[in-house]
Amino acid sequence: MYQSLQQPFFTRLGQALIQADLVAFGNGVTDTERLSNRIHTEIASQFIGACAHLAGYNFVASTVLPSLASLRDFSVSVAKDSKSILQEATQAQRLGVPKYSLLEKRGEAHDATFIVQAEVPSGKKACGEARSKKLAEQEAAGALLRLLFPRLADQRSIPVAPATDIPKLANAIEKLPNDVELRALAGSLSLPTWATKLLGLAFVHCSYPEVRQTPTFGRSNKLLAFLGSFVLQWAIRDFIIRTSTIEDIQETGGLANRSAALSNQDAFEQICKKVLPKDACLVGHGEKSLRASIIGEFFQSFMAVVFLAREQSITSSLELLKRIPDLDHYLRSNLATQKTRDNTLSPKTLLNERCQAIGVSVRYETKSSVGDTVYVKPAVCFQSPVTEKDLCIVFPEKTYLAHEFEGNRSVESQCARTLLSEFNILVGAYSLNAEHPSFGSYKSIRKWFSTHLVKTFQTVNKEKFGIWLKRMGQTDVLGLDSASKGNFQSFHGILSGLLIEADGGEDNDFSSFYDLFAQAGRESRQQILVKFLVEYLDRLQALLNQLDPLSVEKPFQEYEEFRKLTEFATAFKLRGRAICSVDVSDLKEQVEIIFRRRRFRVESLIPVGAVIQEPQGSHLALIDLLTRLLESLGNNEGIIQFCCMDFYLRLSISVRTHTPIDLEKHFLNNPVWCALNELLPITSVTDSGLTIELLIPSLPSTRLDSIVWQCWGAYHQMEELDSRAYDSIAATLHDMKNELLAFSDAAQRARIASEMRARYSLAADGSRHIDAAKEKISGIRSLARSSVSLEIAPLELGSFIRSVVSETWALVPEGIAFIPPGISGKFVLWSSESGLRSVLSNLLRNAVEASGSEGKVAFEYLVDPTEKTVTFEITDSSSGFTDQQLAALNSGLALESSKKSGQGIGLLTVLVIMKELHGRIRFERMSPGGSRVFFDLPSLEPAVSNAAGEDEVAVTDVAEFEKVMLE
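The name given to the protein in an unreviewed UniProt entry is DsRNA-specific ribonuclease, with Nitrosospira briensis as the source organism.

Rendered as structure tokens:
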């Protein structure tokens, strides 16, 4: 009855909302979808949920639903379904057996619609559509029944007459044997008198024979248990929504999974036993004990009675749960512990998710016997598309008494829980100790998973790397998490172990591995160095704003900010370098040249011909950084020594004596150390007071070490465009240093100048250098921020264009004619406002400057709702790009600045941001003269408006909401 009423009721409600013009559809929704029962049902469900959340259950049940779709307008089917009635009728009339065939399946697997045709041998046919094949067959059978036997079809349903007088129905129930035991419980729950009889029926099992049939509720708790199951489900979900944030719900697997995790039958059984008075449960003599399923029915029935007793005043589940303190405490305490998906999802679901993330499917093959004693043989099989054989893990046989056996699913959940506890070991993310009790079997399992992973990433399409990486998330499969945290030792252990167990031979091609790690690095790079730089530039700009050439107290070289400037320039130059091979003898010679005027002797104990892997110049920068630290501590002479320890380069600097220093803490905010620690990487640092010793894994001794190091390098190596951006930042920082040195010189000369005219002239010169440095700060900050992930958010296009045009007018001189775009339509672009503003500002500024003192600059944009893109176009009347410039720009290369003091940062910023926003930019030369720049951005949507043509505003006032709904 419920199922046959649910679909038409929700369909009618959805149709009513659409007819009232309360529903807005996106452009992608077809007319067929707008008319489908599925869409109507979804709209109705969302509407009811929103109303209940804002105005409460009672208002929705008593006011909203009756006004939109009264139950009296519906009918429900009798016991037999359409297929059964059709088959009986066709056989009685000797028309043959109906046949059902699937005509079409539309939509994705999780949201499919099935169209089924029912046909009898005479040729008569009809179709049905539903969310499952089984329901679609019922719909088709019903349609064919109406076609062949209209009278039978009419007799299949009865009208619905809602029973509203629950107290009257409850009072009609005879006095039950458990009445006395339940009076105290009813009193503790503050239930009305009539609810005591209903509570008595709630604890009558269907096996108990001594209760007479009652109107509506029957002779046992079956109907109440059915209602209570929905009450419990609603109460838990409503409780989660009202006590959790959206972020918490999403992070723990969604509302359904979190609700399922709280619906713990064992916990409900304990609550029920605690709440129930002794001897209140009435069961038949055939039931030897209260099984868990029976207690579950009692608990559901109990929830139904409490709900019916308070239905007229309930607004949310929180009020209902207050009446049942034990249940309320259980939900609140367990909800607090559900902070991750691991605490929420079932073991089988979690295992499936983790295996799917690495391209493995899971199949359970559990065999169980039938009888008083149940013998269960569980097995879990893993399938891979790239391995020759499947992996089958057979668990020890388990024995259960028949009444204790909860089914194969329970056993499979235990197996999944066991595998999850060891999953990281099985897939090679954790090391396997030789003393592990299951070392032998685990080793063969690891070999299978290792073979699968290596073969998968050797054969998978590069375009699909992003999908794989998104699936794997923050796991340490392949050592990705270790790479992101800069832990080379863990990374080396995981990846080398994986390759060894997968028999990665000498002839294997690992180029796809390097591509995978390069993409992983691009997607997870945290850009700590950029963060440090932006913070430093803010401090530097604040200092420059305070400097006055005539009152500065000391040379700028003595400020801490000046020293940091050189460090950042060095760090960004190193960070943008490509990885190369350096002969140890050449490295020793380079160090000797650098230290020839300093009293440090260089020694190498590494065999001649050994080769070091490094980003160019990294070891030299590290040695220079350490020796300068020692010199600042009064140690001006010592020994720099290189030696080999396995695949590590051991770098030691020995001096007479000094107070030991915690180098990690000392260099915590040093940008050079930050860059080197990530690139080389430095895996161990010790300071004994006589020797500073570092271990750097830059001497791969085997091909396996070399593969691992190249994977590490690929992860941390930057793309060519980002590398050029870092080089440009380094060059601009050096130019800024020169500007500040020039300021310091001019300020010093101004202070000692005897003539007032010369003094103010030098002060003005110093101010110009400060202004030039500030301008460079602005350019560097823009470029640095563009090289990190931009924040994507909905952007109202019309308002944004108006603000850009307003800013541009301030840049346009009198001789330039600026033609702004016309604003038409309301559209939302999912993009980065700061990034897009930077792109347009740079391009418009360049166009204005290129046009000279007289000319024209036009700015236009074009939206394409079909392709969901927007195209921006900027044209000018300049001389245009040369062929060489066009070739460079359209291949992604920034140009050298045409300005005397420029570094080409503006165009480089544009190119970097375009890459981050997944945009396409093109540069053209127009005929007979002028330049044209245009670029496309995806993710354009029409702005959603309400019936009045205004932007939608969420109703937050409950009283106002109720007033609107009543109208």
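The rest of the description comes next.
Q: Please explain the sheet that holds strand β2 (residues 99–106) as it appears in this structure.
A: Strand pairing in a sheet relies on backbone hydrogen bonds, with the paired strands running either antiparallel or parallel. If you trace the 3 strands from one edge of the open sheet to the other, you get β2-β3-β4, paired in antiparallel fashion. Sheet topology places β2 and β4 (125–130) at the edges, where each strand pairs with a single neighbour. Direction aside, neighbouring strands of the sheet carry axes that sit 20° apart on average. Bridge count between strand β3 (residues 113–119) and β4: 6 bridges; the pairing is antiparallel. Along β4, the bridge assignment pairs A118 with A126. Sitting on the sheet, helix α6 (residues 133–148) touches β2, β3 and β4, and the angle it makes with β4 is about 145°.

Q: Any chance you could explain the packing of aromatic side chains here in plain terms?
A: Describing an aromatic ring pair means giving the distance of the ring centres and the angle of the ring planes. The final tally for this structure, using the stated rule, is 27 aromatic pairs. Ring plane angle 45° and centroid distance 5.4 Å describe the contact between Y400 and F405, whose orientation is recorded as tilted. Ring geometry for F667 and W673: centres 5.0 Å apart, planes at 25°, overall stacked. Here F667 falls in the buried class, since its relative accessible area comes to 4%.

Q: Just checking my understanding: could you explain the pattern of salt bridges for this structure?
A: A pair can form between side chains of opposite charge whenever their charged atoms are brought close. In this structure the tally under the stated criterion is 30 salt bridges. Of the charged contacts in the structure, one is a salt bridge between D538 and R781, with a shortest N-O distance of 3.1 Å. Here the residue D538 occupies a position in helix α26 (residues 528–546), and R781 occupies one in helix α34 (residues 756–786), the gap between them amounting to 243 residues. According to the relative accessible area criterion, D538 is partly exposed, its value standing at 37%. On the basis of relative accessible area, R781 is assigned to the buried category, the value being 13%.

Q: Looking at this model, I keep getting lost on the sheet that holds strand β26 (residues 940–942). Mind explaining?
A: Taken together, the 3 strands give an open sheet; going across it, the order is β19-β21-β26, and neighbouring strands pair in antiparallel fashion. Every interior strand has two partners, whereas the edge strands, β19 (793–796) and β26, have only one. Between one strand axis and the next, the sheet turns by 35° as a mean value, whatever way the strands run. The sheet contact formed by β19 and strand β21 (residues 827–831) spans 4 bridges and is antiparallel.

Q: Looking at this structure, how should I read a nonpolar patch on the surface?
A: A cluster of nonpolar side chains, L223, F226 and F230, forms an exposed patch at the surface whose accessible area comes to about 250 Å². With respect to the element layout, F226 can be found in helix α11 (residues 222–243). Residue F226 is classed as partly exposed on the basis of its relative accessible area, which comes to 40%.

Q: Please clarify how the environment of L626 should be interpreted in this entry.
A: The residue L626 is located in helix α29 (residues 618–632) in this model. On the accessibility criterion, L626 (0% relative accessible area) is buried. Once the C-alpha coordinates of L626 and I653 are considered, the two residues, 27 residues apart in sequence, prove to be 8.2 Å apart. Those residues in contact with L626, other than ones at most four positions away along the chain, are I653, L663, F667, W673 and L694.

Q: Help me understand the nonpolar core, please; the structure alone is not making it clear to me.
A: Most often, soluble globular proteins have nonpolar side chains that are buried together. Grouped together as the largest cluster of nonpolar side chains are 118 residues, with contacts concentrated most on L533, L622, F859, F872 and F935. Two domains each donate at least three residues to this core, and these are domain 5 (579–716) and domain 6 (793–938). The contacts of F859, once residues within four sequence positions are left out, are I801, V804, V805, F818, I819, P820, P821, L840, L844, F872, E873 and I874. Counting 63 residues, the second-largest nonpolar core is a separate cluster that includes F395, F449, V454 and W712.

Q: When you look at helix α21 (residues 439–459) in this model, what are you seeing that I'm missing?
A: Since one α-helical turn is 3.6 residues long, residues separated by three or four positions face the same way. Look at α21: 30 Å from first C-alpha to last across 21 residues, which is about the 30 Å you get at 1.5 Å a residue. Turning to α21, its buried residues are Y442, I445, R446, W448, F449, S450, T451, H452, L453, V454, T456 and F457.

Q: Whenever I open this one, the packing of helix α14 (residues 265–275) against helix α15 (residues 292–310) confuses me. Can you help?
A: Angle between the axes and distance between the axes: these two values describe a pair of packed helices. The interhelical angle for the contact between α14 and α15, taken along N-to-C directions, is 65°, at an axis separation of 9 Å. Comparing the axis directions of α14 and α15 gives the class roughly perpendicular. Every pair of crossing elements has a handedness; the one defined by α14 and α15 is left-handed. Within the contact between the two elements, α14 uses F268, E269, I271, C272, K273 and V275 and α15 uses A292, I295, F298, F299 and F302.

Q: Would you take a moment to explain the side chain of N178 for this structure?
A: In this fold, N178 is placed in the loop between α8 (166–171) and α9 (179–188). Of the residues examined, N178 reaches a relative accessible area of 0% and is grouped as buried. A polar atom in the side chain of N178 sits 3.1 Å from the backbone oxygen of G200. Polar side-chain contacts of N178 include one of 2.9 Å to the backbone oxygen of A280.

What counts, and where the lines are drawn
- Residues numbered from 1 in each chain as written.
- Predicted model: local features only at pLDDT ≥ 70, side-chain atom pairs only at ≥ 80, totals over all residues.
- Heavy atoms only, no water.
- Pairing = 2+ DSSP bridges.
- Helix = DSSP H or I, 4+ residues; strand = E, 2+ residues; numbered from the N terminus.
- Axes fitted to C-alpha atoms, helices over the stretch in contact; angles between N-to-C directions.
- Contact = heavy atoms within 4.5 Å.
- Phe/Tyr/Trp six-rings, centres within 6.5 Å; stacked < 30°, edge-to-face > 60°.
- Buried < 20%, exposed > 50% of the residue type's maximum accessible area, 1.4 Å probe, protein only.
- Salt bridge = Lys/Arg side-chain N within 4 Å of Asp/Glu carboxyl O.
- Patch = residues over 30% accessible without salt bridge, like charges linked within 9 Å, V, L, I, M, F, W, Y side chains within 5 Å.
- Areas by Shrake-Rupley, 256 points an atom, 1.4 Å probe, with all protein chains shown as cover.
- Core = buried A, V, L, I, M, F, W, Y, C linked by side-chain atoms within 4.5 Å.
- Domains from an automatic or database assignment.
- Expected span 1.5 Å × (residues − 1).
- Parallel < 35°, antiparallel > 145°, perpendicular 65-115°, else oblique.
- Left-handed = near helix turned anticlockwise from the far one by under 90°.
- Polar contact = N/O pair within 3.5 Å; in protein donor to acceptor, adjacent residues only side chain to side chain.

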